[in-house]
Structure formats: C-alpha cells, structure tokens
Amino acid sequence: MSDKMSTSKSQGMKWWQLTLLGVACTIGTGYFLGSGIAIQMGGVSVLFMFILAAFGTYLVYDVLAKMTGMEPEQGSFQTYAAKAFGRWAGFSSGWVYWCSELLIMGSQLTALSFFTRFWFPGFPMWVFATAYALLGLGVILLGTKVFERAEHVFAIIKVSAIVMFVIIACAAVCGFLKGTYPPKFPTTKQAFLPKGGVGIWSSFIYAFYAFGGIEIMGIMAARLKRPEEAPKAGNLMIVLLTIIYIASLALALTLIPLSDLQGKESPFQAALGSYQLPFVPHAFNAILIIAGFSTMVASLFAVTTILVSLAQDHNAPAIFAKRTKGKRKMPLPAIGFTTGGITAAVLMALFLPEKLYAYITTAAGIMLLMNWLFILLSSGRLLQLSLWGKIKRYIGMFLILAATTGTAFHPTSRPGFWISCLFIGVIGVVTWGLSFKWKEQLPRKQRGHERLLIQNALQNQSRINLKRRK
C-alpha cells in the first residue's frame, strides 16, 4: 500500500498479472456457494443469468478501465465519482463500497465456516470465523507485495479446482464413473422455472455477485506499468470466468437433481458427493476454503485502500490516512478500524449462523452493484463516449437496476434488500447532513470547483482522443 501506488513504475504490474489477480479476487464463495442459492431460485435458467451478468460486468469494467487509463487514481471509482459529480458522490460511493465489502467479508467468513464444519461439525461457526479473520489480517500486515503474490497463487489453485471438477464431471457424463444418479441435463419446464419468472429475476443478483471483484481490479490497475492495458487485462478475465462458470455449472446440473441442491452446500460439493471418490470431496473442500479466504483477504485489502483514500480526500477522519514509517508504510489506523468491522461480522456469524449467508450476500451484492452504477454514471461525465458507448452504458445501468430490484420479490433475497436499503439510507442521510458543512468550508470563489474538475477531465480526454487520431 505505497503512498504513490499510481505512479510507481518500478513496482508496476504487467497486464497478465492483473488478469491473474482479478481471477483471484473474483472466484470465491460468491460463486462456489452463492450459485447454489441462485439455482434454488432460478433453476437451470441461472445459466442465462450468468451470461447476462458477464455482459453487464464487461460494460462496467470497460468504462472503469478507460477512466483508469486516462488518469490512474488510488481511489479508483471513488475518486472518479468525486470528479464527475462532486464531493458528495465521492463520499457516498466510497462509504457504500466500504460497507459492501465489509458485508462481503462477513459472507465469506460465514461460508468459510460452513466449509470447515465439513470436517469439524461439532465446532461453533464463530470459532472458524475468528480464526480466518485473524489469518486475513496477518496477510494484509505483511504488505502489498505479499498480498499480490498470495493472490496469484490462490488464483492458480481456484482455477485448478474448477478444472478438476470439470474433468471429473466429464468422466462421469462419459460413463467412466458411476454415481447415485445417472447423468442427465434437466430440460423440463419445472427445471427451468422452479419458482416462475420471479425466481429467475431474483436470482440475477447472485449471478452478478459471482463477478464481484472488478472494482478491486480498478484499484490495482493504478499499479500497472502501462495503465492503458487495463482493458485487456479485465476483458480476458471476464471471458475466462464466463467460460468456466457456465461449463462447471452446466455439468453440476447434469450430475445431480435440482431437488438435492441446498443453499447451505456448494452445488459442486453435492455433485461430487454422489460419486465414490475417496479424498476428492476433502480436497475440493480445502480448495473451497482457499477460494473463500482469498476473496476475503482481497476485500480486506480493498476496504483498507478505500478508507485511506477517503481520509486523504477528507471524507473520513484524517487519522486513517496515517501510515507507519519504513518501507511497508502500513495504514495501521485504517486496518484497525476495518478490524472492528470484521469483529461485527464474526458476531453476526455467531448469532445468525443459518440464515446469515443469504441475507448478507444479497445485501452485499446490491451495494456492490450500486457502486457499479456510480461507475457507469461517472463515465458519462468523464469520458467522451461514442453513440455505441452511450448505448452500452444505458444497457449496463438497466441490467444493474434489474438485478437489484428483483431481490425485493423473493423471500430468500428480500431481507438482504432491506438491509442494503438501511445501509444506503444511513449513508445518504450522513452525506446530506455533511453537504451543508462542506458548502460552508468552501470560499465563494471555490464553490464552482466541482464544475472545473469536470471540465478539466473532459478536456484531458479530448486531448487524448486527438493524439490517438493523429
């Protein structure tokens, strides 16, 4: 977490390293466990929802990468929101993201506890949640380089897990392995529409949630040696994830009936469990734990970075911008504040062990998509988009709004919808209250500062476009 993350060339990453980091930050329990909730709600139609979510993810990352290439910022989307709409947007965007990632860490800790109880069913969940939270803090305290290297290793392990599942599933489909059920892809209307159209609509949020991580790529893209290569890194990641997501989900649906899938168990674990494969379920469970731990650490890194950026922009207490002396320059106050949030997540895992995951996952997904919506809105101010670019931007906003509103119409996702509304409402009220103080602090000559920022950004983009044409 260097102070000059955006300008350091000696420590810059190559584009393929960012792709690998994006895979590590994205593939996690949101996919391995959240996909089970989506299948329960939407059935086989979830496959189409994942394709739509992949397209929506591409639309958001495309404009985020362009803004990063134009002007790399440590605060990424939070800084761009402030430049596009003013301080209120940067404040609210940053804090909505901080809260969403905090909820994601809570959902990851809960999922990790679910997976670990596969081996130790007698232990309470909060014990495992506490242990994983402490390990995650340990990784962050070792510094950014250790975080990057660890995530690269985690990415390889997670992709290997999915490849292993695909190989085993293909062997079962071809008849080389015998299980409890004969392999058969469900094609009935009931399989495609188990809960009707509302079920499909409500499951959309979990498909999007499986792609959560592009905003962390936006933060880390500032460390690229060539920030203009950010689109290539992200687009490759999205294509790879879409292929392996669809292939593995289709195979899981082929190996086990929908009636045997439960939200508290990964569909991949359930599919493998129907075959007599010694050690494979245990190995896959270990990989699921690694996947969840990886995304939890990535969320911890992201919220700490955003909190430091908020403090530097005077949108959080100045103490959170302070760093230790020496090479690492760790923002210990910011890490300490985030630790308090993790403690709250651990307590939630203690008091609501069964229903917590679906509720928190839904709320985290909604708030994450609200930040994606901010990214699309900011791009309309900071980028000179072509006609097709504007159309894509509106399509992306439509898909995000469709995914978020759908959560209000299903009993599984509705509590999470209201939780997210509570968080967003509180942040909105705080932002509104502080806006009066911000206006008083600005001299009259500086009241138009936000407009000047927007104009300067547009002029910079125009110059870049002219140079490219020449």
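Residues numbered from 1 in each chain as written. Predicted model: local features only at pLDDT ≥ 70, side-chain atom pairs only at ≥ 80, totals over all residues. Heavy atoms only, no water.

Per an unreviewed UniProt entry, the recorded name for the protein chain is Amino acid permease, and the organism is Paenibacillus chondroitinus. Word for word, the UniProt comment on the protein chain under Subcellular location (unreviewed entry) is "Membrane". (UniProt positions renumbered as here; feature names shortened; annotations may be inferred.)

Asker: Tell me about the overall build of the protein chain, and name the residues and values.
Answerer: Counting its secondary structure elements, the protein chain contains 19 helices and zero strands. Every one of the 470 residues in the protein chain was classed for burial, and the buried ones make up 56%. Once local pairs closer than 6 in sequence are excluded, the contacts in the protein chain between residues at least 24 apart make up 83%. Summing over all exposed atoms, the protein chain offers an accessible surface of approximately 19,900 Å²; the carbon and sulfur share of this is 68%. (Helix = DSSP H or I, 4+ residues; strand = E, 2+ residues; numbered from the N terminus. Buried < 20%, exposed > 50% of the residue type's maximum accessible area, 1.4 Å probe, protein only. Contact = heavy atoms within 4.5 Å. Areas by Shrake-Rupley, 256 points an atom, 1.4 Å probe, with all protein chains shown as cover.)

Asker: Explain the packing of helix α3 (residues 34-42) against helix α10 (residues 196-209) residue by residue, including any values.
Answerer: Their axes nearest at 8 Å, the elements α3 and α10 cross at an angle of 170°. Taken together, the axes of α3 and α10 lie roughly antiparallel to each other. Together, G34, I37, A38, M41 and G42 of α3 and G199, I200, S202, S203 and Y206 of α10 make up the contact between the two elements. Residue composition of the contact of α3 with α10, grouped by class: five nonpolar, five polar and no charged. (Axes fitted to C-alpha atoms, helices over the stretch in contact; angles between N-to-C directions. Parallel < 35°, antiparallel > 145°, perpendicular 65-115°, else oblique. Nonpolar A, V, L, I, M, F, W, Y, C, P; charged D, E, K, R; others polar.)

Asker: Please set out a nonpolar patch on the surface residue by residue, giving values where relevant.
Answerer: Taken together, the side chains of F118, W119, F120, F123, W126 and V127 make up a nonpolar region of the molecular surface, amounting to roughly 560 Å² of accessible area. Its place among the elements puts W119 in the loop between α6 (87-116) and α7 (125-141). In this structure W119 comes out as partly exposed when scored by relative accessible area, which is 32%. (Patch = residues over 30% accessible without salt bridge, like charges linked within 9 Å, V, L, I, M, F, W, Y side chains within 5 Å. Salt bridge = Lys/Arg side-chain N within 4 Å of Asp/Glu carboxyl O.)

Asker: Quick rundown of the confidence of the model for the protein chain? Include the residues and the values.
Answerer: As a general rule, the predicted coordinates of low-pLDDT regions are not to be interpreted in detail. Per-residue confidence for the protein chain averages 80 on the pLDDT scale, and 86% of its residues sit at or above 70. Of all the helices and strands in the protein chain, helix α19 (residues 449-469) carries the lowest mean pLDDT, 54, while helix α17 (residues 387-406) carries the highest, 93. Here residues 1-10 scores under 50 on pLDDT; set against residues more than four positions off or in separate chains, the count is 28 contacts. (pLDDT = per-residue confidence, 0-100.)

Asker: A description of the nonpolar core should follow, citing residues and the corresponding values.
Answerer: In terms of nonpolar packing, the biggest core is built from 148 residues, with L18 and W372 touching the most fellow members. With 19 residues, helix α14 (residues 280-312) is the largest single contributor of residues to this core. Beyond its immediate sequence surroundings of up to four residues, W372 is in contact with T57, V60, F208, F211, G212, I214, E215 and I400. (Core = buried A, V, L, I, M, F, W, Y, C linked by side-chain atoms within 4.5 Å.)

Asker: Explain the side chain of T254 to me, and be specific about the residues and the numbers.
Answerer: Following the sequence through the fold, T254 ends up in helix α12 (residues 230-255). When residues no more than four places from it in sequence are discounted, the contact partners of T254 are V173, P182, P183, K184 and F185.

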